[in-house]
Amino acid sequence: MGTYLNPGNKGFKRIVNGEYVDKTGLISLINSAIGTTKNLICISRPRRFGKSYAAQMLCAYYDRSCDSRDLFANLEIAEKPDYGDHLNKYDVIYLDMTNLLGKVKPEELVPYIEQKVLTDIQKDYDGVEVDGSFDEVLIHTVEHTGSPFIMIIDEWDAPIRETPEIESEYLKFLRMLFKGSGTTSRIFAAAYMTGILPIKKDGSQSAISDFEEYSMLDPRCYADYVGFTEDEVRILCEKKRGNFQSIKKWYDGYTVGLQHSVYNPYSVMQAVDSGKYRSYWKKTSAAETLMTYIDMDIEGHQEDIARLIAGESVTVNTDFFQNDVETFADKDDVLTLLIHLGYLTYEEVSDSYSAEQDEELTGLARIPNEEIRTEFLQILRKAKHRSLFALVQKSDQLLADT
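Remember, predicted model here, so these are calculated numbers, not experimental data.

A few words on the overall build of the protein. When you go through the protein residue by residue, the secondary structure sums to 19 helices and 13 strands. Relative to its full complement of 402 residues, the protein shows a buried share of 55%. Sequence-distant contacts, at least 24 apart, represent 72% of the contacts inside the protein between residues at least 6 apart. If you sum the accessible surface of the protein, you get close to 18100 Å²; carbon and sulfur atoms cover 46% of it.

Turning to the nonpolar core, a few remarks are in order. Judged by nonpolar contacts, the single largest core of 44 residues is most densely connected at Leu-95, Ile-153, Trp-156 and Phe-178. Val-256, Ile-294, Ile-372 and Phe-376 belong to the second largest nonpolar core, which has 40 residues in total.

Further remarks concern the packing of aromatic side chains. Going through the model one piece at a time under the given rule, you end up with 16 aromatic pairs. On the numbers, 5.3 Å between centres and 85° between planes, the contact of Phe-49 with Tyr-254 is edge-to-face. Here Phe-49 is found in the loop between strand 1 (40-44) and helix 3 (51-62), whereas its partner Tyr-254 is found in strand 9 (residues 254-256), with 205 residues between them in sequence. Neither Phe-49 nor Tyr-254 differs from the other in exposure class; each is buried. Here the aromatic rings of Tyr-343 and Phe-376 are separated by 6.3 Å at their centres, their planes lie at 90°, and the arrangement is edge-to-face. In this pair, Tyr-343 sits in the loop between helix 16 (331-341) and strand 12 (345-348) while Phe-376 sits in helix 18 (residues 370-380), placing the two residues 33 residues apart along the sequence. Ring pairing ties together the aromatic residues Phe-12, Tyr-20, Tyr-61, Tyr-62, Phe-72, Tyr-83 and Tyr-90, which thus form one cluster. Across the ring face of Tyr-266, the terminal group of Arg-48 is positioned such that the distance to the ring centre comes to 4.1 Å.

For helix 13 (residues 265-274), the complete set of buried residues consists of Pro-265, Ser-267, Val-268, Met-269, Ala-271 and Val-272. Looking at the buried side of helix 13, the elements it contacts are strand 8 (228-229), helix 11 (230-240), helix 12 (244-251), strand 10 (259-263) and helix 18. With a side-chain oxygen positioned 3.1 Å from the backbone nitrogen of Tyr-266, the residue opening helix 13 is Asn-264. Looking one or two residues beyond helix 13, the residue adopting positive phi is Gly-275, at roughly 75°.

The rules we used
- Residues numbered from 1 in each chain as written.
- Predicted model: local features only at pLDDT ≥ 70, side-chain atom pairs only at ≥ 80, totals over all residues.
- Heavy atoms only, no water.
- Helix = DSSP H or I, 4+ residues; strand = E, 2+ residues; numbered from the N terminus.
- Buried < 20%, exposed > 50% of the residue type's maximum accessible area, 1.4 Å probe, protein only.
- Contact = heavy atoms within 4.5 Å.
- Areas by Shrake-Rupley, 256 points an atom, 1.4 Å probe, with all protein chains shown as cover.
- Core = buried A, V, L, I, M, F, W, Y, C linked by side-chain atoms within 4.5 Å.
- Phe/Tyr/Trp six-rings, centres within 6.5 Å; stacked < 30°, edge-to-face > 60°.
- Lys NZ or Arg CZ within 6 Å of the ring centre and 35° of its normal.
- Polar contact = N/O pair within 3.5 Å; in protein donor to acceptor, adjacent residues only side chain to side chain.

Now the structure itself:
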């Protein structure tokens with residue numbers, strides 16, 4: 001068991017020993033992609049929506065350095081016909097990019113990753129040839145062990161969000177691993193990346209185009225594994241004696257694909273544990289960025305913010321967002337980023353509706369629940385937004401009087 005190679009199942013064991021909401025059905029979806037051309041998967045969702053839990057779960061399931069059969073025995077995946085086909089049968093490379101960025105200078109990130117993984121390989125597999133490029137060493141390792149890798153990258157987009165100066169080098173590193181189908185198939189049984197943003201665009205295309213992407217805008221078969229469903233929240237409230245109606249008011253409201261009642265897992269767990277129903281976003285670093293995106297001086301943006309806080313939906317075209325936190329051509333790009341950050345929820349509209357209203361319209365955005373609306377109001381209380389805040393207060397009072 002190494003630091004980055006085969007990290008074991010202790011992380012997921014701690015999760016399961018708590019009040020775990022079973023999301024192991026996700027494993028079956030990954031299993032179905034192994035051995036196909038769709039085995040490179042990138043799932044994006046907001047902070048505190050269970051990304052790291054899922055990554056730890058996948059490590060525990062695939063890592064061949066441990067025995068996780070008892071750990072999964074009473075969970076959903078154990079009932080799937082493919083359960084034993086891939087359980088603890090692969091070498092796993094696990095990279096937590098946020099953690100790695102805290103260890104080295106940004107320009108040292110890629111060499112640090114390569115050096116640490118190679119050190120783990122040398123320690124675990126005597127006789128592996130480590131001369132050559134990083135991808136060549138991975139090929140030699142697979143040839144030596146007879147077992148391909150599962151690559152799991154948590155917060156894959158952290159270098160792009162936090163250290164944009166190394167974006168080019170970082171994307172080059174990912175392309176080396178995942179762009180060439182011949183090399184990729186020789187190294188990886190599957191790769192799973194999760195983060196806040198979809199893959200950075202290179203022109204109009206994804207910079208790593210071989211990945212299948214599933215985002216808050218288009219989650220498809222992974223919609224059930226983004227946040228808590230209403231049934232899961234009801235069961236949790238029964239177990240923990242939580243007030244379901246208060247939970248629903250504060251944390252329900254996200255639309256994810258065909259799921260129209262999705263809850264923020266972190267906030268729900270905090271509320272049922274404490275019995276206090278309020279906003280828990282202020283305890284996340286994401287809350288600090290909201291002011292930046294409310295303040296942006298883009299035509300029509302402030303009017304949209306006022307309408308959103310008043311409870312309305314606003315139209316948005318998400319097609320041209322560049323999947324970063326710096327490139328904004330218009331208000332649609334800002335709204336799209338707020339969707340990915342979890343401050344807005346998104347519902348795609350039909351082509352017929354789009355043609356009637358606006359041929360460039362892709363969907364509608366709105367504030368999902370009371371928790372997020374509270375965060376917007378906190379920002380508007382700042383001096384720069386007093387006039388907008390007063391307008392919202394008058395609107396609320398008019399509604400109450402009516």
